[in-house]
Every structure is written in structure tokens, then in C-alpha cells.
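Listed below, chain by chain, are the residues.
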Amino acid sequence: MRDGQKTHRKLGPLVLIGGAEDRTGEARVLREFVRLAGGAKGRLVVVTVASEIPAEVGRDYLAAFRRLGAKDVHQLDIPDRAHAAAPAAAHLDAATGVFFTGGDQLRITNLLGGTPVDAALHRRRAEGLVIGGTSAGAAMMSGTMIVGGANAAAPRAGVVEVGPGMDLLRGVLVDQHFTRRGRTGRLLAALARYPHLLGVGIDEDTGLAAEAGEFRVVGSGAVTVLDLGTAVGSNAVDLAPGRHVGIC
């Protein structure tokens, strides 16, 4: 390699699912994750850290992925930060795909953020690892993450809470269960405070596959993209909670 020449490794794809995906029928969204992660030759790890019932949730996803042709599938449960140390991170070394189940996205960031598992996820993604997640497992992929908030058709001050995510998908703010739970208002309210981010609302049984700076949509619903990058202003930071947010 000549002096000054740099190598650029391709980041592994991300598969963000809006929740409530089909797991027993055609399972188009989960099937796409399995395909990207190597199909029958893939080595999948199901991470149940977001769930308070990890054994039950893990069992369902292990069965679903095996039914879709993945032969090497294992569950990784991380009940506390002590279990996110080097031995747990070693489970990711040989994986071709890591999948985060739903639950509470704050559990993911609180138990994994800054740990060896966190570092392993970013390192392995730089080596091509495919990372997928549904519901909370999708929300946590943002650098700035929606933690919770009231569902609303119109943006109102104080209806959404945000915090640091796992920073796998930079420059994007993700919301899930988007159309069914009427979350346009809360995503707009968050974007009014952080207009430099691209808002992405993912419907249930729908996946966004992000790869090489582009994304594809798979499943039965839609992905809504909201871009306030050209907005000239809003009153989001000046309002009392509950007041309507104006964006222009």
C-alpha cells in the first residue's frame, strides 16, 4: 500500500423494524435480515436485553429464525452491566448477524452503553456485521434516540423525551409503530428541537434496510421520512408543555 493510501471497509447493513413484525407466516422482514446475515450459513445472535421477559421473547425469535433457514442461532441475555463484559462481547466475534428484540430502549442504552459489548458491536459492524432490531431494538440505533412520549397527530411541546442512543445510524432520529400509534406529532416535535436530524417513522411489520448510505423498505407498511433541514425556524424551545409547536 502506498504512503497516504487509505482502505475503507464497508459497514454492515442495519435492519430497523417498526415492531409487530410477522414471525409465523411469510415473515418478509425477518427473512430479509436472515438473508443479509448469510442465510443458512449465517451465525445469528438474538440479544434480549430490552425485554423484561427475555426467555420467552428469545424463544420466539430463535424459533422464527430457524424456521426461516438459519441453522446457527443463539440467544444472548444481558440482565445487567456486569454481564456486558468481555465474555459476552466474545459471543459477537463469530456472528454474521445480531438482532435486538423489542422492549424498552432505555434498557439497551443503560445496560450496554460504553461496555465491551457496545464496543464489539461497532467494531464488528465495521467488519461487515449485520445488525437488526425491532421496536426498541430499532429506536436505539439512532445517535439521538426517542425514549418515549405521548402519541399525537400534531406536534406539541413536551410530548417527547429523547436521549443518547447507541449511535449505529448517525444523523437519523427513528420512531417505530409509526402509523398505527399516530406518532407523526411526536416525531415532528423532536425534530423541531433537533432539525439537523432526518426523521424516520417506521410502520409495524415493516423494515428499513440501511446500507451504503441508502435504504430499502420491506414488509407490509411504509416508512415516513421527515426532513426539517430547510426549515427557517420554530418556537419549540420557547413553549410551555402542551402548546402547539410551529415550524416554518
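Residues numbered from 1 in each chain as written. Predicted model: local features only at pLDDT ≥ 70, side-chain atom pairs only at ≥ 80, totals over all residues. Heavy atoms only, no water.

## Some details on the layout of surface pockets
If you add up the space inside the largest pocket, you get close to 390 Å³. The wall of the largest pocket is formed by 20 residues, among which R125, L168, L169, A210 and G213 lie closest to the centre. Every element with two or more residues in the lining of the largest pocket is listed here: α5 (116-126), β9 (198-202), β10 (206-211) and β11 (214-219). For the lining of the largest pocket, the class distribution of residues is eleven nonpolar, three polar and six charged. Approximately 290 Å³ is the volume found for the second largest pocket. Lining the second largest pocket are 22 residues, and of these T101, G102, G103, T134 and S135 lie nearest its centre. For the lining of the second largest pocket, the elements supplying multiple residues, two or more each, are α2 (54-67) and β6 (144-149). Looking at which element gives the most residues to the lining of the second largest pocket, the answer is α2, with three residues. Across the lining of the second largest pocket, the residue classes break down as five nonpolar, eleven polar and six charged. (1 Å grid on protein atoms, 1.4 Å probe; cavity = no way out; pocket = protein on both sides within 12 Å on 5 of 7 lines; lining within 4 Å. Points joined across faces, edges and corners; volume = space filled by probe spheres on them. Helix = DSSP H or I, 4+ residues; strand = E, 2+ residues; numbered from the N terminus. Nonpolar A, V, L, I, M, F, W, Y, C, P; charged D, E, K, R; others polar.)

## Description of helix α4 (residues 105-112)
The set of residues buried in α4 consists of Q105, I108, T109, L111 and L112. For α4, the capping residue at the N-terminal end is D104, with a side-chain oxygen 2.9 Å from the backbone nitrogen of L106. At the exit of α4 stands G114, carrying a positive phi of roughly 80°. (Buried < 20%, exposed > 50% of the residue type's maximum accessible area, 1.4 Å probe, protein only. Polar contact = N/O pair within 3.5 Å; in protein donor to acceptor, adjacent residues only side chain to side chain.)

## Let's talk about the pattern of salt bridges
For the coordinates displayed, the defined rule picks out twelve salt bridges. A salt bridge links E127 to R124, with the nearest nitrogen and oxygen atoms 2.8 Å apart. Here E127 falls in the partly exposed class, since its relative accessible area comes to 42%. Put simply, R170 and D167 hold a salt bridge, and the shortest N to O gap is 3.3 Å. Taking the relative accessible area as the measure of exposure, D167 reaches 29% and is therefore partly exposed. Linked through salt bridges whose partners overlap, the residues forming this network are D93, R123, R124 and E127. (Salt bridge = Lys/Arg side-chain N within 4 Å of Asp/Glu carboxyl O.)

## Observations regarding the environment of G229
Along the chain, G229 falls in the segment after β12 (223-227). Accessibility expressed as a relative area gives 51% for G229, which makes it exposed.

## Thoughts on the pairing of strand β2 (residues 43-47)
Across the five residues that make up β2, a large majority, four, are buried. Bridge count between β2 and strand β3 (residues 72-76): five bridges; the pairing is parallel. Its bridge partner being in β3, L44 is matched across the sheet by V73. Taking the sense of rotation as the criterion, the β-α-β connection linking β2, α2 and β3 turns out right-handed. Sheet topology note: the β2/strand β4 (residues 97-100) ladder contains four bridges and is parallel. What sits directly across from V47, in β4, is F100. (Pairing = 2+ DSSP bridges. Right-handed = clockwise from strand over helix to strand, strands pointing away.)

## Structural notes on the sheet that holds β11
Ordered in space as β3-β2-β4-β5-β1-β10-β11, the seven strands form an open sheet in which the pairing is mixed. A strand with exactly one partner marks an edge of an open sheet, and here the two such strands are β3 and β11. Strand-to-strand twist of the sheet, defined as the mean angle between neighbouring strand axes without regard to direction, takes the value 20°. Looking at chain direction, strand β1 (residues 14-17) and strand β5 (residues 130-134) are connected through four bridges and run parallel. The residue of β5 that forms the bridge with I17 is T134. This element, helix α1 (residues 28-36), spans β1, β2, β4, β5, β10 and β11 of the sheet and lies at about 135° to β11. (Axes fitted to C-alpha atoms, helices over the stretch in contact; angles between N-to-C directions. Contact = heavy atoms within 4.5 Å.)

## What to know about the confidence of the model for the chain
Of all residues in the chain, 96% attain a pLDDT of 70 or more, and the chain-wide mean is 94. Ignoring residues within four places in sequence, the model shows residues 1-7, a span with pLDDT below 50, making one contact including any to other chains. (pLDDT = per-residue confidence, 0-100.)

## Details of α2
It helps to recall that an α-helix has 3.6 residues per turn; residues three or four apart then point in one direction. End to end, α2 covers 20 Å across 14 residues, agreeing with the expected 20 Å (1.5 Å per residue, within 8%). Where α2 is buried, its residues meet α1, β2, β3, β4 and β5. (Expected span 1.5 Å × (residues − 1).)

## Quick look at the packing of aromatic side chains
A full pass over the atoms with the stated rule returns five aromatic pairs. Ring centres 5.6 Å apart and planes at 45° place the aromatic pair F33 and F65 in the tilted group. With F33 in helix α1 and F65 in helix α2, this residue pair connects regions lying 32 residues apart in the sequence. On the basis of relative accessibility, which here comes to 0%, the residue F33 falls in the buried class. (Phe/Tyr/Trp six-rings, centres within 6.5 Å; stacked < 30°, edge-to-face > 60°.)

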